[in-house]
Amino acid sequence: GDTLYILKTNSGILSAFDPKTGEAHYRLQRLAGVPNVFASPVGAADRVYIPGREGTTLVIRRGPKFEVLSSNTLDDGFDASPAIVGNEIYLRGYTYLYAIAED
């Protein structure tokens, strides 16, 4: 899209920039419930998915304003980036592989 997302090291601190101008949309936004992130943020359908090592995946609205849409926690942890295939999102946890989709 029109926003570049960057995590500060492996911390749950996110910044977003306009990729054409380099201007910050927002900087150093702490991600509640996701203090450690080793995966890259992944975007689809106007959302950005950010999974954390403690098992929570934060879903934010894609765009220049920081807006949390949901926070979902599984009994696992995540270092791998989510994979989106069609209408499904795949999360590879430390123990299980999750496929999440609407009914």
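Everything in this summary refers to the structure shown in the same document.

The next thing to look at is the packing of aromatic side chains. Scanning all chains against the criterion turns up 3 aromatic pairs. Seen from their ring centres, Tyr-26 and Phe-66 are 5.5 Å apart, and the 75 degrees between their planes marks the pair as edge-to-face. Of this pair, Tyr-26 sits in strand E3 (residues 24–30) while Phe-66 sits in the loop between strand E6 (56–61) and strand E7 (68–73), placing them 40 residues apart in sequence. You can call Phe-66 partly exposed: its relative accessible area is 21%. Relative to Tyr-98, the ring of Phe-78 has its centre 5.8 Å away and its plane inclined at 65 degrees; by these criteria the two rings are edge-to-face. Of the two residues, Phe-78 sits in the loop between E7 and strand E8 (83–85) while Tyr-98 sits in strand E10 (residues 97–100), which places them 20 residues apart along the sequence. In this structure an aromatic cluster arises from ring pairing among Phe-78, Tyr-96 and Tyr-98. Here the basic side chain of Arg-53 rests over the ring of Phe-38, its NZ or CZ set 3.9 Å away from the ring centre.

How each quantity is defined
- Residues numbered from 1 in each chain as written.
- Predicted model: local features only at pLDDT ≥ 70, side-chain atom pairs only at ≥ 80, totals over all residues.
- Heavy atoms only, no water.
- Phe/Tyr/Trp six-rings, centres within 6.5 Å; stacked < 30°, edge-to-face > 60°.
- Helix = DSSP H or I, 4+ residues; strand = E, 2+ residues; numbered from the N terminus.
- Buried < 20%, exposed > 50% of the residue type's maximum accessible area, 1.4 Å probe, protein only.
- Lys NZ or Arg CZ within 6 Å of the ring centre and 35° of its normal.

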